[in-house]
Amino acid sequence: MKSNEKRTVCTVRSTGEDSYFAASNSAHGFRSYYPACFDAARIGRLYAVKGGPGTGKSRFLRDVAEKGKGCGWHSELIYCSSDPDSLDGVVLTKPGEEGIALLDATAPHVYEPNRPGYREEIINLGSFWNAELLRAKGAEIAERNRRKQEAYRMAYRYLAGYGEMTATRDELVEPFLRKKAIRAFAEKWMRQIPEETEFEEQIALARSIGMRGMITLDTYYANAKTAYYVEDCRGSAAVFLENLYEIAKRKNLSVRVSYDPILPEKIDGLFFKESGIAFLAFEGGEKKKRRKISMRRFVETGLMHSCRKEINFAERMRRAMLQGAVGCFSRVSEAHFSVEEIYIRAMDFGAKESFTGSFCSSLFKA
């Protein structure tokens, strides 16, 4: 690649929290992992939070999480894949107590209770807005939402193109992958992890693409006792991680799994909870604390001369499509936050904060 060719920058965020994403903007449209994250057996009570943009849903979730931590609960913070400055959900756990989950139940990840009352409840933050003011701004809100949805449509077209170019690259490279060697390599690495009694998968995405560009949360690196960065070569890292995952199922391991946000059929991270070992196809954490596994030896790059130009072209198109998507998400951001401003002016945040305090006192009996 020429030195002056632009790359899409991925920002690594060190949150200092147990944080991840439960949805993504993918090559196939919006992808939600809400059912897997919030219908888990460990969750006994669930609160679906409703309200428009700018009504304080994210602040409400964080306030509840902070109160829970002060009462001895462990919190998992689930960030919004489109706006990683906001929360989509919180999962609270404590030994001897049933788990508690709260989630943003508005579009695009609409969640409607199917066990209302006895397990799930709705919290409506729209109770604290001035509907008359919003009606007066109705046409303006509608126009800004139209611009937002149009930018989303264009972003998804670029992401679909990224997916197609990745599939083209993978198809061209496939004959040159040493798949048997990758499988044997995976078996070798997995020997260090003892068998367990039951396979358990927790889906927790480490990366997203949205209004802040490409974002990686460093949770996997921060939580791992030993973190291996699997340096990709022509898509071979995903093949290696898929093999590790299949072996994990055979060995009945408890594993946290991160799927590629754009290509959800590919795994980009695995964290084995009991052993504390992580294998990650993205960079993050402190360089001195991570170990690198290079996949270059498993790709017969010297034999690619007949289709090297096609492979390189597909790689360039992948990067271009990604840059196009990031540009469209920037337009999404402009429209989204302009709508938020209208809702913020219509909210009675004093009443909403008073409700938050009462809710927390009732929830944690404190």
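Residues numbered from 1 in each chain as written. Predicted model: local features only at pLDDT ≥ 70, side-chain atom pairs only at ≥ 80, totals over all residues. Heavy atoms only, no water.

A. Region of the structure containing the sheet that holds strand 8 (residues 99-104). Reading across the sheet, the 6 strands line up as 2-6-7-8-5-9 and stay open at both edges, with mixed pairing between neighbours. Here the strands that pair on one side only, and so sit at the sheet edges, are strand 2 (18-21) and strand 9 (120-124). Neighbouring strand axes in the sheet, compared pairwise and without regard to direction, differ in orientation by 20° on average. Pairing geometry for strand 6 (residues 74-79) and strand 7 (residues 87-93), over 6 bridges, is antiparallel. Bridge pairing in strand 7 links serine 75 to leucine 92. (Pairing = 2+ DSSP bridges. Helix = DSSP H or I, 4+ residues; strand = E, 2+ residues; numbered from the N terminus. Axes fitted to C-alpha atoms, helices over the stretch in contact; angles between N-to-C directions.)

B. Layout of the sheet that holds strand 12 (residues 213-217). Read across the open sheet, the 3 strands follow the order 1-12-11; overall the sheet is mixed. Single-partner strands in this sheet number two, and they are strand 1 (10-13) and strand 11 (207-210). Strand after strand, the sheet turns through a mean of 25° between neighbouring axes, direction not considered.

C. Structural view of the pairing of strand 11. Here strand 11 shows two buried faces, one formed by Arg207 and Ile209 and the other by Ser208 and Gly210. Bridge count between strand 11 and strand 12: 4 bridges; the pairing is antiparallel. Of the residues in strand 12, the one forming a bridge with isoleucine 209 is methionine 214. Here strand 11 hands over to strand 12 after 2 residues, the two strands then running antiparallel side by side. (Buried < 20%, exposed > 50% of the residue type's maximum accessible area, 1.4 Å probe, protein only.)

D. View of the nonpolar core. The biggest cluster of nonpolar side chains holds 81 residues, and the ones touching the most others in it are Phe38, Val64, Leu102, Phe240, Leu270, Phe272 and Phe279. In contact with leucine 102, other than residues within four places in its own chain, are Phe38, Tyr47, Phe60, Leu61, Val64, Asp88, Gly89, Val90, Leu92 and Phe359. (Core = buried A, V, L, I, M, F, W, Y, C linked by side-chain atoms within 4.5 Å. Contact = heavy atoms within 4.5 Å.)

E. Just the packing of helix 5 (residues 179-190) against helix 7 (residues 236-250), in detail. As a packed pair, helix 5 and helix 7 sit with axes 9 Å apart at the nearest point and diverge in direction by 50°. Relative to helix 7, helix 5 is oriented oblique. For the pair helix 5 and helix 7, the crossing hand works out as right-handed. Along its contact with helix 5, which presents Ile182, Arg183, Phe185, Ala186, Glu187, Trp189 and Met190, the element helix 7 presents Ser236, Val239, Phe240, Asn243, Leu244, Glu246, Ile247, Ala248 and Arg250. Of the residues belonging to the contact of helix 5 with helix 7, the class tally is 10 nonpolar, 2 polar and 4 charged. (Parallel < 35°, antiparallel > 145°, perpendicular 65-115°, else oblique. Left-handed = near helix turned anticlockwise from the far one by under 90°. Nonpolar A, V, L, I, M, F, W, Y, C, P; charged D, E, K, R; others polar.)

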